[in-house]
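As a plain string of letters, each chain reads:
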Amino acid sequence: MEPILAVENVEKSFGGLRVTDNISFSVEPWELSAIIGPNGAGKTTLFNLLTGHLRPDSGRIRFEGRDIAGARTQEIVSLGIGRAFQITSIFQEETVLDNIRVACLSKLDQTRNYLRPTAEHARATTRAFSILSSLGLERFAGRPAYELSHGDQKLLDIGIALALEPKLLLLDEPTSGMSPEERVLTRNLIKDLWRDFKLTLIFIEHDMDMVFGIAQKVRVLQQGTMLVEGTPEEIRCNPEVITAYLGSEEF
């Protein structure tokens, strides 16, 4: 089976600081995997390279066999890569439903105006309610997004990404700032979304209970390089990872 994503010798520097250093890895279709590493390891920079927010200095990024290194973000989204950010990018003043519905209409290539065809608006509304239901947010549909808790706002951000019907979904610290109870619920929800939406899903996370609880594969970044990758059990038992991370306060 061909990988859905192949990163080949990707490098990115800011001034004299090399943030990603000759990173290579591949992701299989329908894989559920995690990327871990301390602050400054290059995790978010890597996501920015995958989604077109940054252009690599060298190397290739292939998605379904197509080189997307340096492509525009909108083009990458249209090809099937979605992302939810560590800091949410929702529309705070809009209703929860409209946050999702606008994304659904964007996927249908509609503009946000009141002259759009009724059928397209109805399809987007139905799709939006379905996504909200999968996230457990349907009861908040008519509320402005700013009224949601921090945890529910992060779920709404994931919902916006899902509305664009990605094949590959990237989640940047999806449980950041959540209470322990919210983290457990979100961990289970992400696994359900991966299964129900038939996604390839990669998440960055510092919560090791979540990483070892749901990831099929774990990749460890250290100072911009890929230190090691393997199954959760292999990573948990790896002496380098234990020395560098699992016994430290970083995780």
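Our subject is the structure that appears above.
Here the structure is a predicted model, which means the values were calculated and not measured.

Student: Tell me about the sheet that holds strand β1 (residues 5–14), and name the residues and values.
Tutor: Read across the open sheet, the four strands follow the order β2-β1-β4-β5; overall the sheet is antiparallel. Looking at the sheet topology across the chains shown, the edges are occupied by β2 (17–27) and β5 (66–67). Of the strand pairs in this sheet, β1 and strand β4 (residues 58–63) are connected by five bridges, and their pairing is antiparallel. In the strand pairing of β4, E8 is matched with R60. In the packing of helix α1 (residues 43–50) onto the sheet, the strands contacted are β1, β2 and β4, and the crossing angle to β1 comes to about 115°.

Student: Break down helix α3 (residues 96–107) for me, with residues and values.
Tutor: An ideal rise of 1.5 Å per residue puts 16 Å on 12 residues; α3 measures up with 17 Å between its terminal C-alpha atoms. In terms of burial, α3 is largely enclosed, as nine of its 12 residues are buried. Residues V96, L97, D98, N99, I100, R101, A103, C104 and L105 constitute the buried set of α3.

Student: Give me the packing of aromatic side chains: which residues, what numbers.
Tutor: Under the criterion given, the structure shown has zero aromatic pairs. The ring of F212 carries R236 above its face, with NZ or CZ at 4.2 Å from the centroid.

Student: Can you explain unusual backbone geometry? Please cite residues and give values.
Tutor: One non-glycine residue, N9, lies in positive phi territory at about 55°. Checked against the element boundaries, N9 lands in strand β1. Assessed through its relative accessible area of 42%, N9 is described here as partly exposed. In the Ramachandran plot, K198 falls in the positive-phi region, its phi being about 55° despite a non-glycine side chain.

Student: Account for the pairing of β1, naming residues and giving values.
Tutor: The pairing of β1 with β2 spans seven bridges and is classified as antiparallel. Looking at β2, one finds that V7 is bridged to F25. Joining the antiparallel neighbours β1 and β2 is a turn of two residues, in which G15 adopts a positive phi near 65°.

Student: Residues and numbers for the nonpolar core, please.
Tutor: The biggest cluster of nonpolar side chains holds 49 residues, and the ones touching the most others in it are I100, L156, L201 and F203. Residue contributions to this core peak at seven residues, all from helix α5 (residues 150–163). Apart from residues no more than four positions distant in its own chain, I100 is found in contact with A128, I131, L132, L156, G159, I160 and A163. Listed in part, the 26 residues of the second largest apolar core include I61, I81, L170 and I204.

Student: Give me the pattern of salt bridges: which residues, what numbers.
Tutor: A full pass over the atoms with the stated rule returns 15 salt bridges. When the shortest N-O distance is used, the salt bridge between R101 and D98 registers 2.6 Å. Pair noted here: R101 and D98 are both in helix α3, with a separation of three residues, about one helical turn. Here R101 and D98 have matching classes, each one buried. Residue D192 is joined to R195 by a salt bridge in which the shortest nitrogen-to-oxygen separation is 3.3 Å. Here the residue D192 and the residue R195 both occupy positions in helix α6 (residues 180–196), the gap between them amounting to three residues, near one helical turn. Looking at R195, the relative accessible area reads 47%, which means it is partly exposed.

Thresholds, definitions, all that
Sequence positions are assigned chain by chain, starting from 1 and proceeding in written order. Predicted model: local features are reported for residues with pLDDT of at least 70 only, side-chain atom pairs are reported and counted for 80 or more only, and whole-chain, interface and lining totals are derived from all residues. Calculated side-chain values reflect all of the structure's heavy atoms, with hydrogen atoms and water omitted. Strand pairing is assigned whenever DSSP detects at least two bridges linking the two strands. A run of H or I in DSSP counts as a helix once it spans at least four residues, and a run of E counts as a strand once it spans at least two, with each numbered from the N terminus. By the convention used here, residues are in contact when the closest approach between their heavy atoms is within 4.5 Å. Only C-alpha atoms enter the line fits that serve as axes; for helices the fit covers just the stretch in contact. Angles between N-to-C directions range over 0 to 180 degrees. The span one expects for a helix is its residue count, reduced by one, times 1.5 Å. With a 1.4 Å probe rolled over the protein chains alone, any residue whose accessible area is under 20% of its type maximum counts as buried; one over 50% counts as exposed, and the rest are partly exposed. Stacked, tilted and edge-to-face are the three classes applied to pairs of Phe, Tyr and Trp rings, where Trp contributes its six-membered ring and a pair requires centres within 6.5 Å; stacked means planes under 30 degrees apart, edge-to-face means over 60, and tilted covers the rest. Lysine NZ or arginine CZ positioned within 6 Å of the ring centre and within 35 degrees of the ring normal marks a charge as sitting over the ring. We call a set of buried residues a nonpolar core when its members are Ala, Val, Leu, Ile, Met, Phe, Trp, Tyr or Cys and they connect through side-chain atoms within 4.5 Å of each other. By definition, a salt bridge exists where a carboxyl oxygen of Asp or Glu is found within 4 Å of a side-chain nitrogen of Lys or Arg.

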